Amino acid sequence: MASVTLEKLNKTFGSTHIIKDVDLKVGNGEFVVFVGPSGCGKSTLLRLIAGLESISDGELRIADDVVNDLPPRERGVGMVFQSYALYPHMTVYENMAFGLKLAKMANETVDERVMATARILQLEELLHRKPKELSGGQRQRVAMGRAMAREPRILLFDEPLSNLDASLRVQMRNEIARLHHRLGSTMIYVTHDQVEAMTLADKIVVLRDGRIEQVGSPQTLYQQPATRFVAGFIGSPTMNFMPAKLLSGAVDGCRVQAPGLDDLALPQDASGESTGADLTLGVRPEHLRLAEAQGENAFEIVNVEYLGNEVYVYLEPKAGDTLLIHRSEAPSRWELGQRVALVPDLEHVHLFDARDRALDIATRRQAA
Amino acid sequence: MNQYQLIKLAKRVGFYTLIAVVMVYAIFPFYYAVITSLKPSGDLFRVDFWLSTVDFGNYVQIFTQKSFVRAIFNSIIVSLSVVFIALLLGITASYALGRVRFRGRTTVMLVILGVSMFPQVAVLSGLFEVIRGLGLYNNPAGLILSYTIFTLPFTVWVLTTFMKQLPMELEEAAIMDGATPWVTITKVFLPLMWPAMATTGLLAFIAAWNEFLFALTFTLTDDQRTVPVAIALISGGSQHELPWGPIMAASVTVTVPLVILVMIFQKRIVSGLTAGAVKG
């Protein structure tokens, strides 16, 4: 167990700059998830920590040791690969013992460690099987066992569940979460799936184009996204965005106007913006209420999805071509083709400036 | 029987006839060699398709010749050495060429391929000087050297292609486990590369075992010769007699090890050992 500190970390491949000035602190025993769209550099960042890629610039510390130039085996990290990468010619036991034997451990110690790891992961029955005789979930557990057997200070996971089918993925997600509760070890986990990130993480790191977009707990990221990108990435179905104009802004609140909506009085501090500035309004589907249309401001319902416990209602937007989504518990009284008015839940409306940064809520800033 | 069944039957008959033709075409020369080798010398020129009497005289004759036994021994030494050296160099080279990124990797691959395109005769005189210069003339080591030159390009190419197909994450997993490149090659890659190694090793063995031109040029005395040359130099009682019996017996003798080797390794060659390495 150890903490990990990244300071101004950079990675370049030739002329492409993959990781740009990343600062991050992963606390002892924390479960941190790197999430972002493909090509955002999340896997590269993990490989930099693992030691599979060299660091171009900056400093990487595990506990208090600078490990920039240490090979993986001396960093005390274990890694679970996306394809599991089990040694196909070795049994489960040999797979887990391989690293221990290379570390020149005594046979009894190797045996002890492997058996202990196998017990934790319920692999005892499978120790003499080859990888090809195992199911996907079992291979996944062996891959974790191999990474854990060396008792690394940090466990790294590179999209470990993306090769599993949906139901198994949920099950393994649970197992990994429970494993973390039990072992309490520091884990860093890479995924492109925001559900995995939300359910597993103590702390989510959202990456975009090699930069950290926001770091925070799942709740923070969901309730107070710092940028429009984070707001759109976290949460499913995704947040609704509408263009808006600032009518008046003060320190303790502002008034905005969005096409198709009544003027809104919002708690955000928009004193930094000039009147008439272009803003983006963000409302999560569950915070967008529908009402009977009255007058001009009406939206047409173009699709209704019934999911059993809840209903998604899709509305034709006034601008852009992304449909607006309203989400409510089933049953819903809204029907296809109906024209309705939108009533956003004012306390849960997000405002983003022209550079897509979120505007702070006035009271929140005063409290802080 | 209706028309459809008739066509089906005709197709079947045609298929097996074709197979029979191919089989006869491929096997008949060898079969005739076997029969000839088992005939007493008096019956040699009587055309027989079936064996009437079995006579091991020819075999006794060649195996009592000391030089022939010695030649078999030389051939075994030379061929096994070539296979061993070619595989050792091939595996290590293929790791470098297949796994390590460096400038000029493609150039190296093309040069290696280019070398293998020269006909043997083109390099014969040059190689002769090299071998004399190294003091390896009339020495099996000279043959090992020259055969390896011609075997390596093929070995390296096949093994490199195979090495490239092994998943990258497998090597990275080994690195995370603390393996050095050498350990990765020997403990992780080697066990997975058996099929490729069996194929290339076998072909290297066959090439070295059957090679004639270099063997004839680079050796002088009977006790340094390999089997193909020894067979060619088997002489009869007089200048006008070609001793077909002993020649056929010798040919059959040297072909048998190859047939056995192919039979042993054919399963290895076919089986894909990487099954289960990554998701499946």
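Residues numbered from 1 in each chain as written. Chains lettered and ligands numbered in written order. Predicted model: local features only at pLDDT ≥ 70, side-chain atom pairs only at ≥ 80, totals over all residues.

A tally of regular secondary structure across chain A gives ten helices and 20 strands. Seen through its C-alpha atoms, chain A measures out along the principal axes to roughly 80 × 45 × 40 Å. In chain A, buried positions account for 40% of the 368 residues. Counting only contacts in chain A whose residues sit at least 6 apart along the sequence, the fraction spanning at least 24 positions is 65%. (Helix = DSSP H or I, 4+ residues; strand = E, 2+ residues; numbered from the N terminus. Buried ≥ 20, exposed ≤ 12 C-beta atoms within 10 Å, placed from the backbone. Contact = placed C-beta atoms within 7 Å.)

All names here are of chain B. Domain assignment breaks chain B into domain 1 (3-43) and domain 2 (57-273). Computed from C-alpha atoms alone, the centre-to-centre distance between domain 1 and domain 2 is 32 Å. Split by residue class, the side of domain 1 that touches domain 2 holds three nonpolar, three polar and one charged. (Domains from an automatic or database assignment. Nonpolar A, V, L, I, M, F, W, Y, C, P; charged D, E, K, R; others polar.)

Now for the packing of helix 4 (residues 105-115) of chain B against helix 6 (residues 140-165) of chain B. Residues and elements named next belong to chain B. Running from amino to carboxyl end, helix 4 crosses helix 6 at an angle of 140°, the nearest separation of the two axes being 8 Å. Of the possible angle classes, the one that applies to helix 4 and helix 6 is oblique. As for how helix 4 packs across helix 6, the hand of that crossing is left-handed. Each of I112, L113 and V115 in helix 4 lies in contact with helix 6, whose residues at this interface are P153, V156 and W157. Counted by class, the contact of helix 4 with helix 6 contains six nonpolar, no polar and no charged residues. (Axes fitted to C-alpha atoms, helices over the stretch in contact; angles between N-to-C directions. Parallel < 35°, antiparallel > 145°, perpendicular 65-115°, else oblique. Left-handed = near helix turned anticlockwise from the far one by under 90°.)

Contact with chain B, which involves 21 residues of that partner, is made by 23 residues of chain A. Among the elements that make up the side of chain B that touches chain A, the one with the highest residue count is helix 7 (residues 168-176) of chain B (six residues). Class assignment of the residues belonging to the side of chain B that touches chain A gives a composition of 14 nonpolar, three polar and four charged.

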